[in-house]
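For reference, the chains in residue letters:
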Amino acid sequence: MVVKLEEKLMLPDFLSQKPKLKFLFTGGKGGVGKTISAAGLAYKFSEEGRRTLLVSLNPVHSLSSLFGQDIAGGKIKPVEGASNLYALEVEIEDIVERYKTNISKRLSEFLKWADIPMNPKPFIDIATTNPAFQESAMFDKMVDVILEQGQEYNVVVFDTAAIANAARLIGLSKIYGLWLERMIESRKEALSLRVKLSFRKEKVIEEIKKDPMMADLLSMQERFTKVKNILLNEELTSFFFVTLPLSLPIAVVKRFIKMVRGFDIPVGGVIVNQIIPKSIALSTTNEYIKNKYNEQLGYMREIGRDLGPLVRSYIPVYPSEVVGVNMISKVSKDMFSWIPDFLDELDL
Ligand SMILES: Nc1ncnc2c1ncn2[C@@H]1O[C@H](COP(=O)(O)OP(=O)(O)OP(=O)(O)O)[C@@H](O)[C@H]1O
Ligand SMILES: [Mg+2]
């Protein structure tokens, strides 16, 4: 993997070089610590007095259990015990339902406008039972949050869903852009055909204004262009990848970085979570922990070798799971300052 040397910065220096950073994402394999890392990042910004929103796009939410308070309900809630920190769990079911209603309305309007006497239900059923439907509904919601909450908050941290989902979510913006362009072109062609047939210019302009699909497509294209420009702007957006010192999560992060770079999405860097300190391995008689520690050294070498300059942060393994604002504040502090006590032995 080719990495630029100047990328070798730890989190505090990296962030101080990006004062305009506004949209942060965490990605990685299931269960590696995406949610706690997103919360740790969000906490840091909020602590600095920046109005910060932590958003979960996961179908299975974890912010409520992470904060130990009820965040559910699809509404933005202030996080108790923290200042300037807000959280939102996007209710996928609601979004999908609303999306379905919206599409039905658009389609019915269009059929009526185009004078096609046809029941839209079969089309709606096909469109909405497509497995990609939930994903595009979620993507649409992410676009909403970027455009709306991006205005009200100084920083928005997205705790993304599983890795492939997150990549597709971003990749979709490019595909949507191309698709929309094509749709708009063909609507224009269809309209100009009507123009030729109707002869009267005023009538034509009237027609274009009345075409609900054209209006929809244009406003969708405008939204996607705006979001694409935000997502591809490395001053505003950073995608962070969380890994454990273990084979599979590392492989996933490598693959994901490649994928994301293929879309020109700015890579923020890598966060290595659940590190066993040497001091713990030395002071225990527990064989399991000792073995895990030795195994970890091998994987840390791999991380150093293949992802080294991209590593921004290390998080130690804690004696219990991460729950509550106090614990998140600890994670946040560690993310910005903790260094494993065996790094200099790795001969990197
Ligand atoms: N460094 C750590 N020390 C102790 N427990 C941890 C640590 N990191 C994560 N955990 C615990 O591991 C579990 C998974 O962490 P988290 O929910 O952040 O992962 P995730 O990548 O968001 O998972 P999912 O893919 O399910 O969304 C949680 O119970 C969390 O409290
Ligand atoms: Mg999670």
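Residues numbered from 1 in each chain as written. Chains lettered and ligands numbered in written order. Predicted model: local features only at pLDDT ≥ 70, side-chain atom pairs only at ≥ 80, totals over all residues. Heavy atoms only, no water.

Participant: How would you sum up the nonpolar core? Please name residues and give values.
Facilitator: If you look at the biggest cluster of nonpolar residues, it comprises 62 residues, and the most contacted ones within it are V55 and F158. At 9 residues, helix α6 (residues 132–152) tops the list of elements feeding residues into this core. Residues in contact with V55, not counting those within four places in the same chain, are L63, L88, V90, V145, V156, V157, F158 and D159. (Core = buried A, V, L, I, M, F, W, Y, C linked by side-chain atoms within 4.5 Å. Buried < 20%, exposed > 50% of the residue type's maximum accessible area, 1.4 Å probe, protein only. Helix = DSSP H or I, 4+ residues; strand = E, 2+ residues; numbered from the N terminus. Contact = heavy atoms within 4.5 Å.)

Participant: Explain the pairing of strand β5 (residues 155–159) residue by residue, including any values.
Facilitator: Taking burial as the measure, the 5 residues of β5 include 5 buried ones, the bulk of the element. Bridge count between strand β1 (residues 23–27) and β5: 4 bridges; the pairing is parallel. The residue bridging L24 from the neighbouring strand is V157, located in β5. Bridge count between strand β2 (residues 52–56) and β5: 5 bridges; the pairing is parallel. Residue pairing across strands places T52 opposite V155, the latter belonging to β5. (Pairing = 2+ DSSP bridges.)

Participant: Can you break down the sheet that holds strand β8 (residues 311–316) residue by residue, with the values?
Facilitator: With mixed pairing, the 8 strands of this open sheet are ordered in space as β3-β4-β2-β5-β1-β6-β7-β8. Of all strands in the sheet, those with a lone pairing partner are β3 (77–78) and β8, marking the two edges. Pairing between strand β7 (residues 267–275) and β8: 4 bridges, direction parallel. Bridge pairing links V272 to Y314 in β8. Contacts from helix α2 (residues 34–47) reach β1, β2, β4 (85–89), β5, β6 (237–243), β7 and β8, with the element oriented near 155 degrees to β1. Together, β6, β7 and β8 form the strand contacts of helix α12 (residues 287–307), whose direction differs from that of β7 by roughly 175 degrees. (Axes fitted to C-alpha atoms, helices over the stretch in contact; angles between N-to-C directions.)

Participant: How would you sum up helix α13 (residues 325–337)? Please name residues and give values.
Facilitator: The first and last C-alpha atoms of α13 sit 18 Å apart over 13 residues, in line with the 18 Å expected at 1.5 Å per residue. Within α13, burial applies to V325, M327, I328, V331, S332, D334, M335 and F336. Looking at the packing, one finds that the buried side of α13 touches α1 (11–16), α2, α3 (63–67), β7 and β8. (Expected span 1.5 Å × (residues − 1).)

Participant: Give a description of the environment of A42 that names residues and reports values.
Facilitator: Here A42 lies in helix α2. A42 sits 290 residues away from S332 along the chain, and the two C-alpha atoms are 8.4 Å apart.

Participant: Got a sec to walk through the side chain of S46? Specific residues and values, please.
Facilitator: The residue S46 is located in helix α2 in this model. S46 gets classed as buried once you look at its relative accessible area, which sits at 3%. Sequence-distant contacts of S46, that is, excluding residues within four places in its chain, are made with T52, S83, N84 and L85.

Participant: Provide a residue-level description of the packing of helix α10 (residues 247–262) against α12, including the pertinent values.
Facilitator: When two helices pack together, their arrangement is given by the angle between the helix axes and by the axis-to-axis distance. In contact at an axis separation of 10 Å, α10 and α12 are set at 10 degrees when each is read in the N-to-C sense. When the axis of α10 is compared with that of α12, the two are roughly parallel. Contacts from S247, I250, V253, K254 and I257 in α10 reach Y299, E302, I303, D306 and L307 in α12. (Parallel < 35°, antiparallel > 145°, perpendicular 65-115°, else oblique.)

Participant: How would you sum up the packing of aromatic side chains? Please name residues and give values.
Facilitator: Taken as a whole and judged by the stated rule, the model has 8 aromatic pairs. Ring centres of F14 and F240 lie 6.0 Å apart, and the angle between their planes is 85 degrees; on these two criteria the pair is classed as edge-to-face. Residue F14 is located in helix α1, and its partner F240 is located in strand β6; the two are separated by 226 residues in the primary sequence. Ring centres of Y293 and F342 lie 5.7 Å apart, and the angle between their planes is 85 degrees; this geometry places the pair in the edge-to-face category. In this pair, Y293 is assigned in helix α12 and F342 in the segment after α13, connecting sequence segments 49 residues apart. Residue classification places F342 among the buried positions, given a relative accessible area of 0%. One aromatic cluster is present, built from ring pairs that chain together F25, F158, F239, F241 and F256. If you follow K44 out to its NZ or CZ, it ends over the ring of F336, 4.8 Å from the centre. (Phe/Tyr/Trp six-rings, centres within 6.5 Å; stacked < 30°, edge-to-face > 60°. Lys NZ or Arg CZ within 6 Å of the ring centre and 35° of its normal.)

Participant: Outline the site of ligand 1, supporting the account with residue identities and numerical values.
Facilitator: Taken together, 15 residues surround ligand 1, and among them G31, K34, T35, N273 and V322 come closest. In the environment of ligand 1, an oxygen atom lies 3.1 Å from a nitrogen or oxygen atom belonging to the backbone of V32. At a separation of 2.9 Å, an oxygen atom of ligand 1 approaches a polar backbone atom of I36. In isolation ligand 1 has 630 Å² of accessible area, and contact with the protein removes 76% of it. Looking at the shell around ligand 1, the elements that each hand over two or more residues are α2 and β7. Examining the composition of the shell around ligand 1, we find that 3 residues originate from one element, α2, more than from any other. (Near = heavy atom within 4 Å. Polar contact = N/O pair within 3.5 Å; in protein donor to acceptor, adjacent residues only side chain to side chain. Areas by Shrake-Rupley, 256 points an atom, 1.4 Å probe, with all protein chains shown as cover.)

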